Amino acid sequence: MNVAVTQDLSVVSLIANASVLVQLVMLGLLLASLFSWYYIFRKYYSLQRAQRQTDEFEKAFWSGGNLNELYQAAVNSRHGSGSLERIFESGYREFSKLRRPGNDITAVMDATRRAMRATYQREMELLEAHLSFLASVGSVSPYVGLFGTVWGIMNAFRGLANVAQATLAQVAPGIAEALIATAMGLFAAIPAVVAYNRFAGDVNRLATRFESFMEEFSNILQRQAAA
Amino acid sequence: MNWTADRDEPGKLASGVLAVAVHIAFFALLVLGVSWQHHAPGPVEVDLWSNLPPLPQIKPPPPPPKIEPKPEVKPPPPPPQPKVEAKPKPAPEPKPVAKPDIALEKEKQEKARREREEREKLEAVKREQVARAEEKKREEAKRLEEAKKREQAEQQKLAALERERREKQEQIERLRREQEEAVARLRQQQASAQAKMVDEYKRRISDKIRRYVVKDPCAALGNPEIVFEAVLLPDGNTLQPPRIKRSSGSAACDDAVLRAVIRAQPLPLPPDPVLMAQFRELNLNFRPNE
């Protein structure tokens, strides 16, 4: 077996010379990485917007505006309204529907809370969408990359078994190409994990804000109903 | 109620573009940033000399002396045109005054004398001018001669420099030749030393084999010569059984020699790996009865 003195170890040739299975692993990792980065950016934008909208609505709400006006504004800007605005809208709609003299205040307030709770859960689902994908990529892709590497190294050593005099030059290309799979797995996993932690924290903070708003808004409505 | 339909998620396109950009950047980093190409250095051949005569330092020949442009020999300035001297104006004629005869005579004499004087003066001036012109001519000739002399001297100097340069070159040439000869001599010495060592070890191998030869089968043949070939390992053992290349004429004698070769293992080999290489495929002329 003749080993060339100078071997072309560029990334492209390494990938091109890898075995089919390793190439498939690399392709899968590349796709995973592409999608995870896509969701990282998307999530980043949408969470930024959700925070901004929540800030704006809280400011508008606590600046002492008329609840009816706020409700009208929320209904009119349905398309671009934020999560908190929707929670407020559904709660206030339920409240104004049920608020009739003779209705029990406790029942009205329970119905309002339930309506707000339902909207809250939908909004949370939207906010948390795709986060589980990031988590899976972060935890699984290192293993997938490792699998490709192990397979590549197995092949490299199997090729070595037929040679009488083993030199490093005969194993090196195989190991290098196998290690590319691990590198790609890590490249996909690290940003995904970091982004997942960051976004999960953001979503949690938003959820806390929503819940406290719901409680406070219920109090306000109850006071209004009692008055 | 389809509660997601009325949502517009921001930055879908931007996210896709950014994700692809991140990967392209990473790939570019991988291709350009990491030097994956490894170049094995080519084999280097080195001659080791244990005692080479110290080489005389060969200096590059000095650059030939610059031939500076000669200062142009300026043609001597044209001699100033001898100024035509303003001729003395003839003195205004004295007004004829009625005078007595003697006085007139005197006057005539006086006039003649004056005219003579005037002529003489003119002639003197002319002579002087001629003399001055001649002197100028002489000076010019002298200057020309000097310039010529200077030129000759410079040419001589140049010739001397050229000669010197040629001599230096010859010297360098000679030194180089001497050095080459020394190297060749040394190489020859080494080769002959090597040949001597080879012979020496061949003799030792023969001696050792001879000790193990059973003499009887060969005794009848007088002094036969057997040529056999053996492939030797560095430890002195034979890789394959030796082969007879030229027989002694008796198969029994050949067999005895081959057996002796095998029994004589390990054969003595020179410790120097360069010499040992010559023993890897050994062709030995062997005389068992010597």
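Colleague: Please explain the packing of aromatic side chains as it appears in this structure.
Modeller: To describe a pair of aromatic rings, one takes the distance between the centres and the angle between the planes. Residue and element names in this part refer to chain A. Tallied over the entire structure, the rule returns 20 aromatic pairs over all chains. Ring geometry for Trp37 versus Phe41: centroids 5.7 Å apart, planes at 35°, classification tilted. With a gap of four residues between them, Trp37 and Phe41 both fall in helix α2 (residues 20-62), about one helical turn apart. With relative accessibility at 16%, the residue Trp37 sits in the buried group. Here Phe41 falls in the buried class, since its relative accessible area comes to 15%. Here Phe88 and Phe217 contribute two aromatic rings whose centre-to-centre distance is 5.0 Å and whose plane-to-plane angle is 55°, an arrangement assigned as tilted. You can see Phe88 sitting in helix α4 (residues 83-98) and its partner Phe217 sitting in helix α7 (residues 168-226), a full 129 residues away along the chain. When sorted by exposure, Phe88 lands in the same class as Phe217, which is buried.

Colleague: Would you take a moment to explain the sheet that holds strand β1 (residues 226-231) of chain B for this structure?
Modeller: In any sheet, the strands associate via hydrogen bonds between backbone groups, in a parallel or an antiparallel arrangement. All names here are of chain B. With respect to topology, three strands assemble into an open sheet ordered β2-β1-β3, the strand pairing being antiparallel. Looking at the sheet topology across the chains shown, the edges are occupied by β2 (243-246) and β3 (281-286). Shown here is a sheet whose adjacent strand axes are inclined to one another by a mean of 30°, direction ignored. Bridge count for β1 against β2 is three bridges, and the pairing is antiparallel. Residue pairing across strands places Glu229 opposite Arg243, the latter belonging to β2.

Colleague: Is there a simple way to think about a nonpolar patch on the surface in this case?
Modeller: All names here are of chain A. Residues Val20, Leu24, Leu27, Leu30, Leu31 and Phe35 make up a contiguous nonpolar surface patch of about 570 Å² in total accessible area. Summarising the element assignment, Leu30 is placed in helix α2. Residue classification places Leu30 among the partly exposed positions, given a relative accessible area of 37%.

Colleague: How do you make sense of the pairing of β3 of chain B when you look at a structure like this?
Modeller: On a regular strand, one side chain projects to one face of the sheet and the next to the other, so that they alternate. Residue and element names in this part refer to chain B. Taking every second residue as pointing to the same face, the buried face of β3 carries Leu282, Leu284 and Phe286, while none of Glu281, Asn283 and Asn285 on the other face is buried. Judged from the six bridges that link them, β1 and β3 form a sheet pairing that is antiparallel. Pairing of Phe228 across the sheet is with Leu284, part of β3.

Colleague: Quick question: what am I supposed to make of unusual backbone geometry here?
Modeller: Note: most peptide bonds trans; most residues except glycine with negative phi. Note the cis peptide between Gln265 of chain B and Pro266 of chain B, where omega equals -10°. Counting through the fold element by element, Pro266 of chain B comes out in the loop between α4 (251-263) and α5 (273-278).

Colleague: Please explain helix α5 (residues 105-128) of chain A as it appears in this structure.
Modeller: Think of an α-helix as 3.6 residues a turn; residues three or four steps apart then line up on the same face. All names here are of chain A. In a regular helix each residue adds 1.5 Å, so 24 residues correspond to 34 Å; α5 covers 34 Å between its end C-alpha atoms and thus fits that length. Of the positions making up α5, those classed as buried are Val108, Met109, Ala111, Thr112, Ala115, Met116, Thr119, Tyr120, Glu123, Met124, Leu126 and Leu127. Contact partners of the buried residues in α5: α2, α4 and α7. With its phi angle positive at about 70°, His130 sits one or two positions after the end of α5.

Cut-offs and rules
Residues numbered from 1 in each chain as written. Chains lettered and ligands numbered in written order. Predicted model: local features only at pLDDT ≥ 70, side-chain atom pairs only at ≥ 80, totals over all residues. Heavy atoms only, no water. Phe/Tyr/Trp six-rings, centres within 6.5 Å; stacked < 30°, edge-to-face > 60°. Helix = DSSP H or I, 4+ residues; strand = E, 2+ residues; numbered from the N terminus. Buried < 20%, exposed > 50% of the residue type's maximum accessible area, 1.4 Å probe, protein only. Pairing = 2+ DSSP bridges. Axes fitted to C-alpha atoms, helices over the stretch in contact; angles between N-to-C directions. Patch = residues over 30% accessible without salt bridge, like charges linked within 9 Å, V, L, I, M, F, W, Y side chains within 5 Å. Areas by Shrake-Rupley, 256 points an atom, 1.4 Å probe, with all protein chains shown as cover. Salt bridge = Lys/Arg side-chain N within 4 Å of Asp/Glu carboxyl O. Expected span 1.5 Å × (residues − 1). Contact = heavy atoms within 4.5 Å.

By themselves these figures say nothing about function.
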